[in-house]
Structures are given as structure tokens and as C-alpha cells.
Amino acid sequence: QVQLVESGGGLVQAGGSLRLSCTASGLTFIWSAMAWFRQAPGKEREFVASISRSGSSTSYADSVKGRFTISRDNAKNTVYLQMNSLKSEDTAVYYCASGLSGRTPGQYAYWGQGTQVTVSS
């Protein structure tokens, strides 16, 4: 059974940084692309970043490009999202996902429980 568990969320001031982690169990992690999505109250779940199964290719939403960095450590079954220069608009529940590489939630079969990121101004 595949499970994804996020951690690292919290409250941070605008301009600050957070590092999210997602640890996966099961074989899906090593064979799949990984991604981060986020969902703010009243909004649809939106793509944030993705990384290929090898870690050689990454993709970012325009809103976070240059501020966020996705990476993965397959030996630790973990994907990370380093978030710098955080803005209040980044406030959301952040979810990690495993599946096909892409920018839509439907391309990802497995999801974590989510971790809250709140950026205060």
C-alpha cells in the first residue's frame, strides 16, 4: 500500500522560508514522478511543482518559479519543496502526489494528507 506523508508546514512571515518534506512508502515512489499541489480556501487544487522519477527534470508554476525548488532523494523515499521569499498568496494546504508527470491532479494517483502553510504579512 502506497502512503505519502507531508511535514514541514507551519506559520511563517512574508519573505521567510519553509521546507516541506514528503516521505513515501511503497514502490510507487521510485517509479513515479512526484509533485506538489496546493489548495487555498475556496480555490481549486493547483499545481506547484513536479519532478521526474530520476530527479533530472523539474517543472514549476509561474507563480512560484524562482522562489520554490523541488527535489527528491530516492534513497530516502522523500521529495522536498524548498519555499523561499514566501508571500501571503502562498498560504494554502500543500499536498504531495505521486503518479504521472504533469500539471493536473488527475495525473496523480497517490496523495498525502496535506500540510498547512500560512504566510503572515
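The structure this text deals with has already been given above.
What counts, and at which threshold
- Residues numbered from 1 in each chain as written.
- Predicted model: local features only at pLDDT ≥ 70, side-chain atom pairs only at ≥ 80, totals over all residues.
- Heavy atoms only, no water.
- Helix = DSSP H or I, 4+ residues; strand = E, 2+ residues; numbered from the N terminus.
- Buried < 20%, exposed > 50% of the residue type's maximum accessible area, 1.4 Å probe, protein only.
- Contact = heavy atoms within 4.5 Å.
- Pairing = 2+ DSSP bridges.
- Core = buried A, V, L, I, M, F, W, Y, C linked by side-chain atoms within 4.5 Å.
- Lys, Arg positive; Asp, Glu negative; His and termini not counted.
- Salt bridge = Lys/Arg side-chain N within 4 Å of Asp/Glu carboxyl O.
- Polar contact = N/O pair within 3.5 Å; in protein donor to acceptor, adjacent residues only side chain to side chain.
- Disulfide = S-S within 2.5 Å.

Enquirer: Help me out: how do you make sense of the overall build of the protein chain in this one?
Expert: Broken down by element type, the protein chain carries one helix and 11 strands. Along the protein chain, helices (α) and strands (β) appear in the sequence β-β-β-α-β-β-β-β-β-β-β-β when read from the amino end. With respect to the three principal axes, the spread of C-alpha positions in the protein chain is 40 × 25 × 25 Å. Of all 121 residues assigned to the protein chain, the portion counted as buried reaches 45%. Across the protein chain, contacts joining residues at least 24 apart in sequence account for 56% of those joining residues at least 6 apart.

Enquirer: Whenever I open this one, the pairing of strand β4 (residues 33-39) confuses me. Can you help?
Expert: Successive side chains on a regular strand alternate, one facing one side of the sheet and the next facing the other. Extensive coverage of β4 is indicated by the burial of six of its seven residues. Pairing analysis gives seven bridges linking β4 to strand β9 (residues 92-99), with the strands arranged antiparallel. Residue pairing for β9: A33 is matched across the bridge by G99. Strand direction decides the pairing type here: β4 and strand β5 (residues 46-51), joined by five bridges, are antiparallel.

Enquirer: What exactly am I supposed to notice about the nonpolar core here?
Expert: Burial of nonpolar side chains together is a common tendency in soluble globular proteins. By size, the foremost hydrophobic cluster in this structure holds 30 residues, and its most contacted members are W36, L81, M83 and Y94. For this core, the secondary-structure elements that each account for two or more residues are β3 (18-25), β4, β5, β7 (68-73), β8 (78-83), β9 and β11 (115-120). Leaving out residues up to four positions away in the same chain, M83 has contacts with G16, S17, L18, L20, R67, F68, Y94 and V117.

Enquirer: Explain the side chain of E6 here, please?
Expert: Locating E6 in the fold gives a position in strand β1 (residues 3-7). One buried charged residue, E6, remains without a salt bridge, the closest side chain of opposite sign being R45 at 7.6 Å. At a separation of 2.8 Å, a polar atom in the side chain of E6 contacts the main-chain amide nitrogen of G114. Excluding its chain neighbours within four sequence positions, the residues that come into contact with E6 are S21, C22, W36, Y94, Y95, C96, G112, Q113, G114 and T115.

Enquirer: Would you explain the state of the cysteines in this entry?
Expert: Such a bond, covalent and formed between the sulfur atoms of two cysteines, is termed a disulfide. What the rule picks out here adds up to one disulfide. Paired by a disulfide, C22 and C96 hold their sulfur atoms 1.9 Å apart. Measuring the twist about the S-S bond at about 50°, one finds the C22-C96 disulfide to be right-handed. Of this pair, C22 sits in strand β3 while C96 sits in strand β9, and the two are 74 residues apart along the sequence. Per residue, the accessibility class of C22 equals that of C96, and both read buried.

Enquirer: Please clarify how unusual backbone geometry should be interpreted in this entry.
Expert: Among all residues except glycine, the phi angle is most often negative; among peptide bonds, the trans geometry is most common. The backbone of N77 shows a phi angle near 55°, a positive value even though the residue is not glycine. Summarising the element assignment, N77 is placed in the loop between β7 and β8. Assessed through its relative accessible area of 27%, N77 is described here as partly exposed.

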